[in-house]
Amino acid sequence: MKLFFFSFLITVFSSYSQIKTEEEKFLLNYVKNEIRTRIIYTDKIKPDFVIESIVYDLNHLKELLRDENWADKKLPEKIIFTKEECKQALNEILTNNENSYIENKLPRMRYISSKDLSKRKKYINYWSFSKPVFLRKNSICIFYSGNLDGGSFNIYIKSNESWTYFSSLIEWVR
């Protein structure tokens, strides 16, 4: 009986630990499909000017046209954002940037805290990510990803149960 109960607990806890949030699923898919290699990542959006740009863009965002060069032509031509949606996205990104949302969210990737990163003397090219922010019943996602060579703050639309690139708010290259 004890063996049965112990086996049951192991099964329950292992299946519970495998449950991923929508944010974790998005992040894991992004790394798998877009980056396609093992990375080092940190808990804060870096470099610092990026967060300033995100704040500015979300405070001034009203509508966004589809990226004609890269986005699927089947997507809508534009998205009109409400002030409340922009405020929600900004609050979630800023709050989670301060609270180490991403720590240990990427299995088989190397995590380094921003505090430890600032103490390093040796250059390493690390990645930083915002928390994916979902709007309109998880049909739109706003997400930043970047490393020391460049980054982008993108909008994705859910299409056929997968996330499809729509357009960029910020793109930068060093």
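See the structure above.
As the structure is a prediction and not an experimental result, all values here were calculated from the model.

Peer 1: Account for the packing of helix H3 (residues 48-60) against helix H4 (residues 83-98), with residues named and values stated.
Peer 2: As a packed pair, H3 and H4 sit with axes 9 Å apart at the nearest point and diverge in direction by 160°. As far as their axial angle goes, H4 and H3 are roughly antiparallel. The crossing of H3 and H4 is left-handed. Between H3, through Ile51, Ile54, Val55, Leu58 and Asn59, and H4, the contact on the second element is made entirely by Cys86, Ala89, Leu90, Ile93, Leu94 and Asn97.

Peer 1: Could you give an account of the environment of Ser168, naming the residues involved and the relevant values?
Peer 2: Here Ser168 is to be found in strand S9 (residues 162-173). Ser168 sits in the buried class, given a relative accessible area of 18%. Separated by 14 residues in sequence, Ser168 and Asn154 place their C-alpha atoms 4.3 Å apart. Not counting residues within four places of it along the chain, the set of residues in contact with Ser168 comprises Leu64, Ser152, Phe153 and Asn154. A polar atom in the side chain of Ser168 sits 2.4 Å from the side chain of Asn154. Within the structure, Ser168 has its side chain in polar contact with the side chain of Glu171 (distance 2.9 Å).

Procedures and definitions
- Residue indices follow the written sequence of each chain, beginning from 1 at its first position.
- Local features in a predicted model are, by the rule used here, given only for residues with pLDDT of at least 70; side-chain atom pairs are given and counted only at 80 or more, and totals for whole chains, interfaces and linings are based on all residues.
- Hydrogens and waters are ignored; side-chain quantities use all the structure's heavy atoms.
- Here an axis means a line fitted to C-alpha atoms, over the contact stretch when the element is a helix, while the angle between two N-to-C directions is reported on a 0 to 180 degree scale.
- Only DSSP runs of H or I with at least four residues qualify as helices, and only runs of E with at least two residues qualify as strands; both kinds are numbered from the N terminus onward.
- Angle categories: roughly parallel below 35 degrees, roughly antiparallel above 145, roughly perpendicular from 65 to 115, and oblique for all the rest.
- Two helices cross in a left-handed way if the nearer one is turned anticlockwise from the farther one by less than a right angle. They cross in a right-handed way if the turn is clockwise.
- Should any heavy atoms of two residues lie within 4.5 Å, those residues are counted as being in contact.
- Note on classification: 1.4 Å probe, protein chains only; a residue is buried when its accessible area is under 20% of the maximum for its type, exposed when over 50%, partly exposed between these limits.
- Pairing of N or O atoms within 3.5 Å defines a polar contact, subject to two protein rules: one partner must be a possible hydrogen donor and the other a possible acceptor, and residues neighboring in sequence count only if both atoms are side-chain atoms.

Everything listed here is a matter of geometry and, on its own, says nothing about what the molecule does.
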